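# Remarks on the overall topology
These are the residues of each chain, in order.
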Amino acid sequence: MEHFLTDQVFNAAGLAGVVVYLGSYALLQAGILRGGGYTYAILNLCASSLVLISLTVAFNLSSAIIQVSWIVISLMGIARLAWINGHVRFSAEEEAMLQQVFTDMPRPMARRFLNRGNWIDATEGAILTEEGTPVANLYYLADGEVQVISGGQVICKITSGLIGEMNVLSGGEASATVRIATPSRLFVISGDALRRLNARDPDFRNLLGKGMSRDTGRKLMSANARWSEKAAAD
Ligand SMILES: Nc1ncnc2c1ncn2[C@@H]1O[C@@H]2COP(=O)(O)O[C@H]2[C@H]1O
């Protein structure tokens, strides 16, 4: 009886391993999990360990070789990620930018992104985007102030966040002119560089898109707040 129960436990562990194997692969194919992240490697490690445990009651050499190889490969992947994460460095202004706009971006990916752009100091009067002309660059305003001008009128001021995020990827026409109002510190990356990164890495494309639309949403909310304040005052 006791032997039977032990067999049941090992079989259940094997079946759980199969569920974790298939579930993680399905999540990967559905685009919910990233293949290069910790989660996928850890799930594979768990799945292969569970199936290996189940083999103690019904040993099969081929399956054992696959499970052990899977465990070794997963451990190598986890160690590689830990090493890369430990060796990626950011300046204080880069950390602040990632915290504000690209919170979910894995650090090695964020490093590749930041390496493709430059930090610049801009003086008053410099134009970042011009209404009706194609947007060539994406900017992140770290410090300073810019004016957003539409139809010749200053419609608002921005003191931090993305600029050009609405049309830089399509190369479409800027929705407004953005002009530096006080000496400012900015990160700038070209639309071409962003498109190249996007083409190379679908995970980057998703996270970049998420960060940009979140920032547009933030601006829309502050525009709504300004309009409702104005309406209440009128
Ligand atoms: N109402 C607004 N509030 C804040 N920023 C804006 C507003 N309208 C346009 N912008 C910014 O100005 C940029 C001009 O280029 P884009 O249209 O690519 O992206 C735009 C936004 O980043």
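Residues numbered from 1 in each chain as written. Predicted model: local features only at pLDDT ≥ 70, side-chain atom pairs only at ≥ 80, totals over all residues. Heavy atoms only, no water.

On to the overall build of the protein chain. Within the protein chain one finds seven helices and six strands. Of the regular secondary structure in the protein chain, the N- to C-terminal order runs α-α-α-α-α-β-β-β-β-β-β-α-α. Relative to the globule expectation of 17 Å for 234 residues, the C-alpha radius of gyration of the protein chain, 25 Å, shows a markedly less compact shape. With respect to the three principal axes, the spread of C-alpha positions in the protein chain is 85 × 40 × 30 Å. Counting all 234 residues of the protein chain, 37% fall into the buried class. A fraction of 70% describes how many contacts in the protein chain between residues 6 or more apart in sequence connect residues 24 or more apart. Working note: accessible area of the protein chain is about 13300 Å², and carbon and sulfur atoms make up 61% of it. Looking at the protein chain, you have 20 positive and 20 negative side-chain charges, and the mean spots of the two groups are 4 Å apart. (Helix = DSSP H or I, 4+ residues; strand = E, 2+ residues; numbered from the N terminus. Rg over C-alpha atoms; globule rule 2.2 N^0.38 Å. Buried < 20%, exposed > 50% of the residue type's maximum accessible area, 1.4 Å probe, protein only. Contact = heavy atoms within 4.5 Å. Areas by Shrake-Rupley, 256 points an atom, 1.4 Å probe, with all protein chains shown as cover. Lys, Arg positive; Asp, Glu negative; His and termini not counted. Charge placed at Lys NZ, Arg CZ, Asp CG, Glu CD.)

Within this structure's numbering, the places UniProt gives as "domain: Cyclic nucleotide-binding" (unreviewed entry) are residues 101–197. For the annotated span residues 101–197, helix accounts for 16% and strand for 46% of the residues, and the straight-line distance between the end C-alpha atoms is 17 Å. (UniProt positions renumbered as here; feature names shortened; annotations may be inferred.)

The positions that UniProt labels "transmembrane region" (unreviewed entry) are, in the present scheme, residues 12–28, 40–59 and 65–83. When the span residues 40–59 is considered, its composition is 75% helix and 0% strand, and the gap between its end C-alpha atoms is 26 Å. Helix makes up 100% of residues 65–83 and strand 0%, whereas the separation of the span's terminal C-alpha atoms amounts to 27 Å.

Here we come to helix 3 (residues 61–87). Along its 27 residues, helix 3 runs 39 Å from first to last C-alpha, staying within 8% of the 39 Å computed at 1.5 Å per residue. Of all the residues in helix 3, the buried ones are S63, A64, Q67, I71, S74, I78 and L81. The N-terminus of helix 3 is capped by N60, whose side-chain oxygen sits 3.1 Å from the backbone nitrogen of S62. (Expected span 1.5 Å × (residues − 1). Polar contact = N/O pair within 3.5 Å; in protein donor to acceptor, adjacent residues only side chain to side chain.)

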